[in-house]
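Structural characterization, general
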Amino acid sequence: MKIAVQLADLPAMHPRLLWHEIIAAAAIVLGEAGTAAPYSFDLTTQNVPAFEQNNLILSIAPPDFPNTYLERLKRTYEPSRLVELAAIAVAGLGLYHGGGHEILDIALRGSSADYLVDEAGHLLEIAGRSRRSDFRVAWDQRQQRLRERHSDGYYLCVVEFETPAGRLSFFH
Amino acid sequence: MATAQTTVSDMLITVKSREIQRGQLAEMRADFSSASRHLLAAAHLELVLADDYLQAGHNDLALRSRLSAASCFWRAGRVDHARQMLENLVQEHPNQTATIQQVRADLESNPTNLAS
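Reading the values: the criteria
- Residues numbered from 1 in each chain as written.
- Chains lettered and ligands numbered in written order.
- Predicted model: local features only at pLDDT ≥ 70, side-chain atom pairs only at ≥ 80, totals over all residues.
- Heavy atoms only, no water.
- Contact = heavy atoms within 4.5 Å.
- Buried area = accessible area lost by both parts, 1.4 Å probe.
- Salt bridge = Lys/Arg side-chain N within 4 Å of Asp/Glu carboxyl O.
- Polar contact = N/O pair within 3.5 Å; in protein donor to acceptor, adjacent residues only side chain to side chain.
- Helix = DSSP H or I, 4+ residues; strand = E, 2+ residues; numbered from the N terminus.
- Phe/Tyr/Trp six-rings, centres within 6.5 Å; stacked < 30°, edge-to-face > 60°.
- Buried < 20%, exposed > 50% of the residue type's maximum accessible area, 1.4 Å probe, protein only.

A closer look at the interface of chain B and chain A
- At the junction of the two partners, chain B supplies 29 residues and chain A supplies 26 residues.
- Across the chain B/chain A interface, buried area totals approximately 2,500 Å², and carbon plus sulfur atoms make up 50% of it.
- R29 of chain B serves as the salt-bridge partner of E21 of chain A, at 3.8 Å between the closest nitrogen and oxygen.
- Where chain B packs against chain A, one counts eleven residue pairs in polar contact (both at pLDDT 80 or more).
- Counting residues per element, the ones that place at least two in the side of chain B that touches chain A are α1 (10–28), α3 (59–75) and α5 (97–109) of chain B.
- It is α1 of chain B that contributes the most residues to the side of chain B that touches chain A, twelve residues altogether.

Dropping the structure here:
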């Protein structure tokens, strides 16, 4: 399923969270892939509740940030942190357009997850990598950690920005 | 006599979540002074929420908020206070010892949660 999305819409999709720096980080990381905006992002979806499709091809339009702001952000955060933040943006887009899910809160420490999704409070773990070759290890590590600790439903979203592509799955 | 209805404020939850986020972003920037301010604010808000949840009969959410408060105090540098809070929670909720120990183990090994 192909869909045009705006990073600037994330605060309306998940209004309980802060998005400004996450959106800017996504604009930086997607912009460094070498293609022009809007950026195409292939997100595979597996067992996501209320979503029948197996993938989302997101055409992501960034807001028009001043270059000075983006440059300052690049100096402020290490590249790996920017990738991590950009992954949160992709997960937020995927959850909203893949079934209308909402990130409602921050997950508790020790839960091996980052956020809570929907009123059901499903855990969501997000990881971002700059290289495609690091995707598999990141996916396997997180899936194992979550499986060991939780029997209830949880989401896992791992993305890489070399292709760029990723996977959003729900486990229960 | 009318019974006062206890509700938990959505706005309070949102502000708390955003304070934790601000703290996390500051940790990512290695701005630990700012992180401490925001995480302390979040810790106190979690304590208010814990009481509201308790009044509303949501004991599981009250425990979660108290655990989160302890975690925020720890990350804000109030480690002794956080340890004591976690000890108290173990005494009060012995059936939740594993969950509480998991939070403490995570904080011991990675206090700023910068491993993703």
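Quick look at the packing of aromatic side chains
All names here are of chain A.
- One pass over the structure, following the stated rule, counts six aromatic pairs over all chains.
- When the ring of F65 is compared with that of Y69, the centres are 5.5 Å apart and the planes differ by 35°; the resulting orientation is tilted.
- Judged by its relative accessible area of 14%, Y69 is buried.
- Consider the rings of Y155 and F170, whose centres lie 4.7 Å apart with planes at 55°: the pair is tilted. Of this pair, Y155 sits in strand β7 (residues 154–160) while F170 is found in strand β8 (residues 165–171), placing the two residues 15 residues apart along the sequence.
- With a relative accessible area of 0%, Y155 lands in the buried category.
- Here the aromatic residues F135, W139, Y154 and F171 are joined through ring pairs into a cluster of three or more.

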